[in-house]
Amino acid sequence: MPMSTEPLPHPELQPLAPGLYLVATPIGNLEDITFRAVRILKSCDRILAEDTRHSRILLDHYGVRKPVEPYHDFNKERSTAGYLQRLKDGEAVALICDAGTPGIADPAFNLVKAALAEDISVFSVPGPSALLTALTASGLPTDRFSFENFPPKKSAQRLRKLETLKEKWPPDADHAPTLGFFVAPYQIVNFLGEIQQVFGAEFYIVVARELTKKFEEFRRGPVGEIAEHYAKHAPRGEFVVLFHPQNKR
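All figures in this text were calculated on a predicted structure; none of them were measured in a lab.

When you look at the side chain of R46 in this model, what are you seeing that I'm missing?
Here R46 shows up in strand β2 (residues 46-49). Exposure remark for R46: the relative accessible area of 10% places this residue in the buried category. Other than its neighbours up to four places away in sequence, R46 contacts P67, E69, Y83, R86, E91, A92, V93 and A94.

What follows is the structure in structure tokens.
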């Protein structure tokens, strides 16, 4: 789509329209935020964040002085109605997650769904995404991909999940996507071992961690070798694990 050549009013002169703003924030490097995101965070009436102490680091860095209130999995059920009323009253509310784009494996979906049901405007302010950051540099096929969220907590459930994906996308299936998971550091060794158990030690995967940070790391290769590495070296940081179910690369 061609970009408009019509001159736009200076954004600082425009009041922020009422509604819910989903503002993407850096996944590590604080430079990875848009001018628009900073403007909205400075102009809104309040900011909702998963972890207010964590988000304060970013907000202080950019001189954002707005009320910051918690919105997370443990309070979303009891607090959504109150924020809906504020939105109905004409507030501009910005919602951010701990890192990346709100609504991806976090409670933002709950408020978005409720707001849309009340005909409240929802604005998505694009920016960083750990999944896309890892995928585009992975070397795996990017024409189709599927985000599989965090793996289940129990090993038997994770194995069942992997078996289901393997059965869904056999070698002769058309249009199989690259699959992506978010994995916590305490779970990564077990999860890699389970991938190895289901797909075999030579199955090709990509593991990315500490994306955009000083110690950013990509490991590409057989799952058996990568699992052995993290069994010997204590895993740190949040991980993105990517693989193609047909072992493409």
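Resuming the write-up.
Could you clarify how one ought to interpret the sheet that holds strand β6 (residues 145-147) in this entry?
Hydrogen bonding along the main chain pairs the strands of a sheet, whether they run parallel or antiparallel. Taken in spatial order, the five strands line up as β6-β7-β10-β8-β9 in an open sheet, and their pairing is mixed. In this open sheet, the two strands that pair with only one neighbour each are β6 and β9 (217-222). Strand-to-strand twist across the sheet, computed as the mean angle between neighbouring axes with direction ignored, equals 20°. Of the pairings in the sheet, the one linking strand β8 (residues 204-209) to strand β10 (residues 239-243) comprises four bridges and is antiparallel in character. Counterpart to V206 in the pairing with β10 is L242. Sheet strands touched by helix α7 (residues 188-199): β7 (178-183), β8 and β10. Its angle to β10, the strand with the most contacts, is close to 10°.

Can you walk me through helix α2 (residues 52-61) in this structure?
Think of an α-helix as turning once every 3.6 residues; residues three or four places apart then point the same way. Of all the positions in α2, only S55, L58 and L59 are classed as buried. The arc that holds the buried residues of α2, viewed along the axis, is 95°, so those residues lie on one side. Turned more than 90 degrees away from the buried face of α2, the exposed residues are R53 and I57. One side-chain oxygen at the N-terminal end of α2 lies 3.1 Å from the backbone nitrogen of R53; it belongs to D51. Two residues or fewer past α2, G63 is found with a positive phi of approximately 65°.

The rules behind the values
Residues numbered from 1 in each chain as written. Predicted model: local features only at pLDDT ≥ 70, side-chain atom pairs only at ≥ 80, totals over all residues. Heavy atoms only, no water. Helix = DSSP H or I, 4+ residues; strand = E, 2+ residues; numbered from the N terminus. Buried < 20%, exposed > 50% of the residue type's maximum accessible area, 1.4 Å probe, protein only. Contact = heavy atoms within 4.5 Å. Pairing = 2+ DSSP bridges. Axes fitted to C-alpha atoms, helices over the stretch in contact; angles between N-to-C directions. Arc of directions from axis to C-beta. Polar contact = N/O pair within 3.5 Å; in protein donor to acceptor, adjacent residues only side chain to side chain.

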